[in-house]
Amino acid sequence: MLSPETSNERGRGLCFSVMLVLLVAALVVLVLASLFWGAVSLSPRAVLDGLIAGRHASLEGALVWHLRLPRTLLAALVGLQFATAGLILQAAMRNPLADPGVIGISSGAGLAVIAVLLLTDLASEDSLIGGNPPSMMVWLPAVALCGGLLAAGMVLGMSMRARLCPIRLALNGIAVGSVLNALVMWTIVAWGGARTEIALIWLAGSLYGRDFLHLQVLWPWCVAGLAGTLLLLRPLALLRLDDTVAASLGMRGWHWRGAAIAVAVILAASAVAVAGPVGFVGLVTPHLSRLLIGTDSRRLVVVNMLVGSILMLCADLVARTMISPLDIPVGALTTLLGIPLFLLLLHRQRRLPV
């Protein structure tokens, strides 16, 4: 006869397996829907032609290969990265409201990208946000990473005397992020002209016009961030505890907290470089995932990645089809969807677990 603990563990394992199957099925359905629907609805034959023939497909098939397929894959990756960064930050900072924007990662990455694009635009006559030349596009995630690391470094430095106290981290992050956001807007206004509109669309978070070059640039950073996340699985579980308790278990909390924030910067800053600072995905997704599967770190990380990809694909699909042929910035949709969803989560839970 099985003990109650063994029976409960088997029950949780079965629940996780069922949830995993359902989420993967939802992800597959959304990927297919993203390939079929858009400003122009395509037949299954055209989509299949585009996937099989690739560059040599018919006109409709070429639309799938050159535009919809890379955009769909990018939406899944960007959602996964923002969701994972949010989960890491909420655990490391013991703050259920933490996300890449709280400690200035998104603002620092955005300012770095806008500043570099402005400088290169002044050196040449072409706007690099609109064209995204290959030579420049390859460097944008690295530029965003530097900006995100500098912003996070400022927040960590300001919080070092308090030994990276979660409350002090959040307050300093909000202050630094506000200053950086003001600098971003000042830079865009100083840039002027038609470039202002293009830059604002990017800052709202957009996947419009993304292709395989963007995907090629993003995936190595995604792999590096996910590898770091796997190494942080046990420390993240302990970082949720009080520093005194964590220290009694042999862990230097503030060292691991700094490492966790660095991994979150890699994931969030590289996603910002490609899609802009998409809001609320990193904040809402971890809470949705905890409602679905609980707080077990290993299972939560997997479910959180799938939910992040699903949420981003949903938002991108709605952004492309809601007022077709106009393409709404996906960041505007995630914010509109995220605010009421997060308020509902706050209403249902008196205290959000981290």
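Residues numbered from 1 in each chain as written. Predicted model: local features only at pLDDT ≥ 70, side-chain atom pairs only at ≥ 80, totals over all residues. Heavy atoms only, no water.

## Quick notes on the packing of helix α3 (residues 59–92) against helix α10 (residues 212–231)
What counts is decided by this rule: Fitted lines through C-alpha atoms serve as axes, helices being fitted only where they are in contact, and the angles separating the N-to-C directions of these axes extend from 0 to 180 degrees. Strands here are runs of E lasting at least two residues and helices are runs of H or I lasting at least four, both read from the DSSP assignment and numbered beginning at the N terminus. If an angle is under 35 degrees, it is roughly parallel; if it is over 145, roughly antiparallel; if it lies from 65 to 115, roughly perpendicular; otherwise it is oblique. Note on convention: near helix rotated counterclockwise from far helix by under a right angle means a left-handed crossing. Clockwise means right-handed. Any two residues whose heavy atoms approach within 4.5 Å at even a single point are treated as in contact. Three categories are distinguished: nonpolar for Ala, Val, Leu, Ile, Met, Phe, Trp, Tyr, Cys and Pro, charged for Asp, Glu, Lys and Arg, and polar for the others, with Gly belonging to the last.
Running from amino to carboxyl end, α3 crosses α10 at an angle of 25°, the nearest separation of the two axes being 10 Å. Taken together, the axes of α3 and α10 lie roughly parallel to each other. Viewed along their axes, α3 and α10 form a crossing whose handedness is left-handed. Residues W65, L69, P70, L73, L74, L77, V78, L80, Q81, T84 and I88 of α3 form the contact with α10, whose participating residues are F212, H214, L215, L218, W219, C222, L226 and T229. Per-class residue counts for the contact of α3 with α10 are 15 nonpolar, four polar and no charged.

## Thoughts on the nonpolar core
The test is simple: Nonpolar cores were defined as sets of buried Ala, Val, Leu, Ile, Met, Phe, Trp, Tyr and Cys residues, with membership established by side-chain atoms within 4.5 Å. Exposure is judged per residue with a 1.4 Å probe applied to protein chains only, and the accessible area is read against the type maximum: over 50% gives exposed, under 20% gives buried, and values in between give partly exposed.
Grouped together as the largest cluster of nonpolar side chains are 87 residues, with contacts concentrated most on F82, L89, M93, I103, I261 and M312. Grouped together as the second largest cluster of nonpolar side chains are six residues, L42, A46, V47 and V64 included.

## Examining unusual backbone geometry
Positive phi values are uncommon outside glycine, yet F280 reaches one of about 75°. Among the structural elements, F280 can be located in the loop between α13 (253–275) and α14 (281–293). Its relative accessible area of 22% is what places F280 among the partly exposed residues.

## Quick word on the packing of α3 against helix α15 (residues 297–321)
Two elements in contact, α3 and α15, have axes separated by 7 Å at closest approach and are oriented at 135°. Here α3 is positioned oblique relative to α15, judged by the angle of their axes. Crossing of α3 against α15: the hand is right-handed. On α15, the residues that touch R68, R71, T72, A75, A76, V78, G79, L80, A83, T84 and L87 of α3 are L300, V301, N304, M305, G308, S309, M312, L313, D316 and R320. Looking at the contact of α3 with α15, its residues break down into eleven nonpolar, six polar and four charged.

## Details of the side chain of R71
Checked against the element boundaries, R71 lands in helix α3. Those residues in contact with R71 that sit more than four places away from it in its chain are L207, Y208, R210, D316, R320 and D327.

## Some words on the confidence of the model for the chain
Test applied: Per-residue confidence from the predictor is reported as pLDDT, a score between 0 and 100.
Looking at the chain, the pLDDT average stands at 80 and 82% of residues meet or exceed 70. Mean pLDDT per element in the chain: helix α5 (residues 128–131) is the minimum at 46, and α15 is the maximum at 91. Low pLDDT, under 50, characterises residues 126–132; the predicted model gives this stretch 18 contacts beyond four residues in sequence or across chains.

## Considering a nonpolar patch on the surface
Applicable threshold: Only residues whose relative accessible area exceeds 30% and that form no salt bridge are eligible for patches; like-charged ones are grouped when within 9 Å, while nonpolar side chains (Val, Leu, Ile, Met, Phe, Trp, Tyr) are grouped when within 5 Å. Areas reported here follow the Shrake-Rupley algorithm with a probe of radius 1.4 Å; residue values treat only the protein chains shown as occluding. Only one rule defines a salt bridge in this text: a Lys or Arg side-chain nitrogen within 4 Å of an Asp or Glu carboxyl oxygen.
Nonpolar side chains collect at one region of the surface, where V318, M322, I323 and L326 lie side by side and expose about 360 Å² of accessible area between them. Summarising the element assignment, M322 is placed in the loop between α15 and α16 (330–348).

## With respect to empty space enclosed by the protein
This is how it is decided: Throughout, the protein atoms alone are placed on a 1 Å grid, and a set of points is a cavity if a 1.4 Å probe fits but cannot get out or a pocket if it is open with protein on both sides within 12 Å along at least five of seven lines; lining residues have an atom within 4 Å of a point. Grid points are joined across faces, edges and corners, and a volume is the space filled by probe spheres set on the points.
Per the counting criterion, the structure on display carries two cavities of 30 Å³ or more. In this structure, the largest cavity spans a volume of roughly 110 Å³. In terms of lining, the largest cavity is formed by twelve residues, of which the most central are L87, A91, R240, S297 and L300. Put simply, the parts of the chain that give the lining of the largest cavity at least two residues each are α3, α11 (233–239) and α15. Taken together, the residues of the lining of the largest cavity break down into eight nonpolar, two polar and two charged. By volume, the second largest cavity amounts to about 50 Å³. In terms of lining, the second largest cavity is formed by F280, V281, V284, L311, T334, L337, G338 and L341. Mapped by element, the contributors of at least two residues to the lining of the second largest cavity are α14 and α16. Here the lining of the second largest cavity gets four residues from one element, more than from any other, and that element is α16.

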